[in-house]
Amino acid sequence: MMGRIYLFLLLVAATTGCSAGSPGIDGGTDGGDTDADTDTDTDTDTDTDTDTDTDTDTDTDTDTDTGPNECTLGEYSGDFTIGTQSDFATLAGYTSISGDLTIECPSCADLSELICLTSVGGFLWISGNTALADLDGLSGITSVVGDLRILGNEVLANVGGLSGITSVGGYLAIMNNDALPNLDGLSAVNSLGENLNIWDNLVLPDCEACDLLDQLASTPTSIYVQDNLDDTCTPVPAGCP
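Note that this is a predicted model, so its numbers are computed, not measured.

### Details of the sheet that holds strand 3 (residues 96-97)
Whether parallel or antiparallel, the strands of a sheet pair through hydrogen bonds between backbone atoms. Pairing is parallel across the open sheet formed by six strands, whose spatial order is 1-3-5-7-9-11. Every other strand in the sheet has two partners, leaving strand 1 (75-76) and strand 11 (191-192) as the edge strands with one partner each. Here strand 3 runs beside strand 5 (residues 119-120); their pairing, made up of two bridges, is parallel. The residue of strand 5 that forms the bridge with Ser96 is Ser119.

Written out as structure tokens, the structure reads:
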């Protein structure tokens, strides 16, 4: 009997010693995962690429071509006649011409290569230019020593390119310009050496000629204003013939 009791106590003790959390044979703990493993991997990879584009474009335009706006050639000596568009290149860059300048070119429509000219030592004759609608390339001219003649330019619609001219040493002739409606481009002219001839301009009112006379410092030697567009000037300019 005592032996059975003793065996019973041993069984109870053995059962109690195997309860959860008691030390195991390998020194760990039974019945609970206590793994404390922590991931300490820290990625320190840093992009240190310092490649720099050092390509520097050093291309420089060294074009030294002298065009119509490079006014460095001074005075052209003698007379010159422009009969084709290519003739303009000869005077490009000159600031004056000592003699007469004739522009008589049926196919020419652009006077821009004469932009450097400031004076004409002889007469300026603009005649028979059937494709020329304006005189814008002559805007640098301030004086004409001889006559200023604008004759037979069929489609010339304005003379605004002559707005810089203040004096004409000879006579002023404006004739047979069928599309010219006014003389606004001559509003700076205050000195005229000889005659004023304005006739046979189909759409140019006579009053335009009268207004031009009013702005002159002195009366021209003779005045011919006829066969232009008839109109009634209101008020009538004082110098109207």
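### A word on the pairing of strand 8 (residues 148-151)
Burial along strand 8 is two-sided: Leu148 and Ile150 facing one way and Arg149 and Leu151 facing the other are all buried. With four bridges joining them, strand 6 (residues 124-127) and strand 8 adopt parallel strand pairing. For Ile126, the partnering residue across the bridge sits in strand 8 and is Ile150. Sheet topology note: the strand 8/strand 10 (residues 172-175) ladder contains four bridges and is parallel. Across the sheet, residue Ile150 finds its bridge partner in strand 10, namely Ile174.

### Some thoughts on the sheet that holds strand 4 (residues 101-103)
What the seven strands build is an open sheet, ordered 2-4-6-8-10-12-13; its pairing is parallel. Only two strands of the sheet have a single partner each, and these edge strands are strand 2 (80-82) and strand 13 (223-226). Between one strand axis and the next, the sheet turns through 5 degrees on average, direction left out of account. Where helix 3 (residues 206-215) meets the sheet, it contacts strand 10, strand 12 (196-199) and strand 13, and its direction lies at approximately 165 degrees from that of strand 12.

### Some thoughts on the state of the cysteines
Taken as a whole and judged by the stated rule, the model has two disulfides. Each disulfide pairs two cysteine sulfurs, and for Cys105 the partner residue is Cys108, the sulfurs being separated by 1.9 Å. Every disulfide takes its handedness from the sign of the S-S torsion; for Cys105 and Cys108 that torsion is 70 degrees, giving right-handed. With a relative accessible area of 0%, Cys105 lands in the buried category.

### So, the pattern of salt bridges
Applying the stated criterion across every chain yields a total of one salt bridge. Between Asp147 and Arg149 there is a salt bridge, with the nearest N and O atoms lying 3.0 Å from each other.

### Concerning the nonpolar core
Ranked by size, the top nonpolar core spans 44 residues in total, and within it Leu101, Leu138 and Leu186 carry the most contacts. Listed by contribution, the elements that provide at least two residues to this core are strand 2, helix 2 (88-91), strand 4, strand 6, strand 8, strand 10, strand 12 and helix 3. No other element matches helix 3, which puts three residues into this core. Apart from residues lying up to four places away in sequence, Leu186 is in contact with Leu148, Val159, Leu162, Leu172, Ile174, Leu212 and Gln215.

### Considering unusual backbone geometry
Its identity is not glycine, yet Asp200 carries a phi of approximately 55 degrees, on the positive side. Position of Asp200 relative to the elements: it lies in the loop between strand 12 and helix 3. A positive phi angle is found at Asp227, which is not glycine, with a value near 55 degrees. With respect to the element layout, Asp227 can be found in the segment after strand 13. Asp227 gets classed as exposed once you look at its relative accessible area, which sits at 53%.

### Considering the environment of Ala89
Note on placement: Ala89 falls in helix 2. Residue Ala89 is classed as partly exposed on the basis of its relative accessible area of 49%. Taking the C-alpha atoms as reference, Ala89 lies 8.6 Å from Leu114; in sequence the two are 25 residues apart.

Calculation rules
- Residues numbered from 1 in each chain as written.
- Predicted model: local features only at pLDDT ≥ 70, side-chain atom pairs only at ≥ 80, totals over all residues.
- Heavy atoms only, no water.
- Pairing = 2+ DSSP bridges.
- Helix = DSSP H or I, 4+ residues; strand = E, 2+ residues; numbered from the N terminus.
- Buried < 20%, exposed > 50% of the residue type's maximum accessible area, 1.4 Å probe, protein only.
- Axes fitted to C-alpha atoms, helices over the stretch in contact; angles between N-to-C directions.
- Contact = heavy atoms within 4.5 Å.
- Disulfide = S-S within 2.5 Å.
- Salt bridge = Lys/Arg side-chain N within 4 Å of Asp/Glu carboxyl O.
- Core = buried A, V, L, I, M, F, W, Y, C linked by side-chain atoms within 4.5 Å.

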